[in-house]
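Topology and contacts: notes
Residues per chain are reported as follows:
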Amino acid sequence: MDATGSLALPPLTARSIVLSTLLGHHPPALPARALVRVGELFGTAEGTVRTALTRMVAAGDLEQRDGTYRLTDRLLARQARQDDSRAPRTRPWDGGWEIAVVTTERRPAADRAALRQAMAALRLAELREGCWLRPANLVRPRPDVVDTQCTRLTGVPEGDPAALAATLWDLDGWAARARMLEEALREERTENLASRFMVSAAVLRHLLADPVLPAALLPEDWPGDRLRRHYESTDRAFRDLLLRHIGG
């Protein structure tokens, strides 16, 4: 949100355009000419897009074969998380919490960064340095980096679990932006592909940040599931328009 409280969508770089396009495409592979066509929606020159593609291959974000660019394994994992955020796998909540406490000493910076990235993907929040937790209501695989650095426990807070959740996540802030994105989806039923692209990408980024808490811990009128439904109801038409534009 900007200073006025309105929805603010930052301009997309050539890298962001390529990445958002491939993350939303199944399978995540497209020829250079198609990615250039998406760049044209934002006034991004062909040379700028092709330079971004070269740099992304060099950085290990993409691999290139016969003029087709596809996501590498690292970004395929991000696409899987993005897809999961559209329909998170949950289980009935019995009041228990997942707890992961860092017990490995003298961790290199790369290991600390890898753990922090894994915890964000698992939707755990950090209560204090090295102590991560969340309600045990999600079903998802656990990366090895967590088991190698942490001791895992289960427990139940003695105080109000909803109050604890509110200290771990900015629920009001997430809900406020979700409602703005929901309204933006309603307004974007037009042929303006660039605007629709930006809103779609923003919704997917926001859903990745949803803690997906049990209903008992959420504020009233939580917009998470509603935003997902609105996104799904508009996504197919948007993807069809985008494919027609790029000649897919």
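Everything numeric here is computed off the predicted structure, so don't read it as measured data.

A look at helix α3 (residues 46-58)
- Here α3 contains 13 residues, and its C-alpha end-to-end distance of 19 Å stays within 8% of the 18 Å for a straight helix at 1.5 Å per residue.
- Among all positions in α3, only Val49, Ala52, Leu53 and Met56 are buried. Buried residues of α3, viewed axially, fall in a sector of 100°; they line one side. Residues Thr54, Arg55 and Ala58 are exposed on α3 and point more than 90 degrees away from its buried face.

Remarks on the packing of aromatic side chains
- Applying the stated rule across the entire model yields three aromatic pairs.
- Taking 5.0 Å as the distance between ring centres and 15° as the angle between the ring planes, the aromatic pair formed by tryptophan 174 and tryptophan 222 counts as stacked. With tryptophan 174 in helix α8 (residues 171-187) and tryptophan 222 in the loop between α9 (193-208) and α10 (224-246), this residue pair connects regions lying 48 residues apart in the sequence.
- Centre to centre, the rings of phenylalanine 197 and phenylalanine 238 are 6.3 Å apart; their planes meet at 75°, and the pair counts as edge-to-face. Within this pair, whereas phenylalanine 197 is found in helix α9, its partner phenylalanine 238 is found in helix α10, the two being separated by 41 residues in sequence. For the pair shown, phenylalanine 197 and phenylalanine 238 are each scored as buried.

A short note on the sheet that holds strand β3 (residues 68-71)
- Across the sheet, three strands lie side by side as β1-β3-β2; this open sheet has antiparallel pairing. Two strands close off the open sheet at either side, each with one partner strand: β1 (29-31) and β2 (62-65). The average undirected angle you get between the axes of adjacent strands in this sheet is 25°.
- Relative to β3, β1 is paired through three bridges, and the arrangement is antiparallel. Across the sheet, the residue bridging to proline 31 is threonine 68, located in β3.
- Relative to the sheet, helix α1 (residues 14-23) contacts β1, β2 and β3, its axis offset from that of β3 by approximately 75°.

Looking at the confidence of the model for the chain
- The pLDDT averaged across the chain works out to 92; a share of 96% of its residues lies at or above 70.
- Within the chain, strand β6 (residues 131-135) carries the highest mean pLDDT (98), whereas α10 carries the lowest (91).

Considerations on the nonpolar core
- Judged by nonpolar contacts, the single largest core of 27 residues is most densely connected at Trp97, Leu168, Trp169, Val203, Leu213 and Leu227.
- Secondary structure elements with two or more residues in this core: β4 (97-102), β6, α7 (161-168), α8, α9 and α10.

Brief notes about the environment of aspartate 111
- With respect to the helices and strands, aspartate 111 occurs in helix α5 (residues 109-121).
- Residue aspartate 111 is classed as partly exposed on the basis of its relative accessible area, which comes to 35%.
- Sequence-wise, aspartate 111 and aspartate 235 are 124 residues apart; in three dimensions their C-alpha atoms are separated by 37 Å.

Observations regarding the pattern of salt bridges
- A complete count under the given rule lists 21 salt bridges for this structure.
- In this structure, the salt-bridge partner of glutamate 46 is arginine 50, at a minimum N-O distance of 2.9 Å. In this pair, glutamate 46 and arginine 50 are both assigned in helix α3, four residues apart and thus about one turn of the helix distant.
- Look at arginine 50 and you get partly exposed, because its relative accessible area is 36%.
- Salt-bridge contacts for aspartate 221 lead to arginine 179; the nearest nitrogen and oxygen are separated by 4.0 Å. One end of the pair, aspartate 221, is in the loop between α9 and α10; the other, arginine 179, is in helix α8, and 42 residues separate them in sequence.
- Given a relative accessible area of 34%, arginine 179 falls into the partly exposed group.
- Through salt bridges with shared partners, a single network forms among Arg179, Glu182, Glu183, Arg186, Asp221 and Arg226.

Some details on the pairing of β4
- Most of β4 is tucked away: five of the six residues are buried.
- Here β4 pairs with β6 via five bridges, running antiparallel. Counted as the bridge partner of valine 101 is cysteine 131 from β6.
- In the sheet, β4 pairs with strand β7 (residues 150-155) via six bridges, with the strands oriented antiparallel. Its bridge partner lying in β7, valine 102 is registered against cysteine 150.

Things to note about the packing of helix α2 (residues 32-41) against α3
- For the pair α2 and α3, the least separation of the axes is 9 Å and the interaxial angle reads 125°. If you check the angle between α2 and α3, you find them oblique. Crossing geometry of α2 relative to α3 is assigned as right-handed. Across from Ala32, Arg33, Leu35, Val36 and Gly39 in α2, the residues of α3 making contact are Glu46, Val49, Arg50 and Leu53.

Conventions used here
- Residues numbered from 1 in each chain as written.
- Predicted model: local features only at pLDDT ≥ 70, side-chain atom pairs only at ≥ 80, totals over all residues.
- Heavy atoms only, no water.
- Helix = DSSP H or I, 4+ residues; strand = E, 2+ residues; numbered from the N terminus.
- Expected span 1.5 Å × (residues − 1).
- Buried < 20%, exposed > 50% of the residue type's maximum accessible area, 1.4 Å probe, protein only.
- Arc of directions from axis to C-beta.
- Phe/Tyr/Trp six-rings, centres within 6.5 Å; stacked < 30°, edge-to-face > 60°.
- Pairing = 2+ DSSP bridges.
- Axes fitted to C-alpha atoms, helices over the stretch in contact; angles between N-to-C directions.
- Contact = heavy atoms within 4.5 Å.
- pLDDT = per-residue confidence, 0-100.
- Core = buried A, V, L, I, M, F, W, Y, C linked by side-chain atoms within 4.5 Å.
- Salt bridge = Lys/Arg side-chain N within 4 Å of Asp/Glu carboxyl O.
- Parallel < 35°, antiparallel > 145°, perpendicular 65-115°, else oblique.
- Left-handed = near helix turned anticlockwise from the far one by under 90°.

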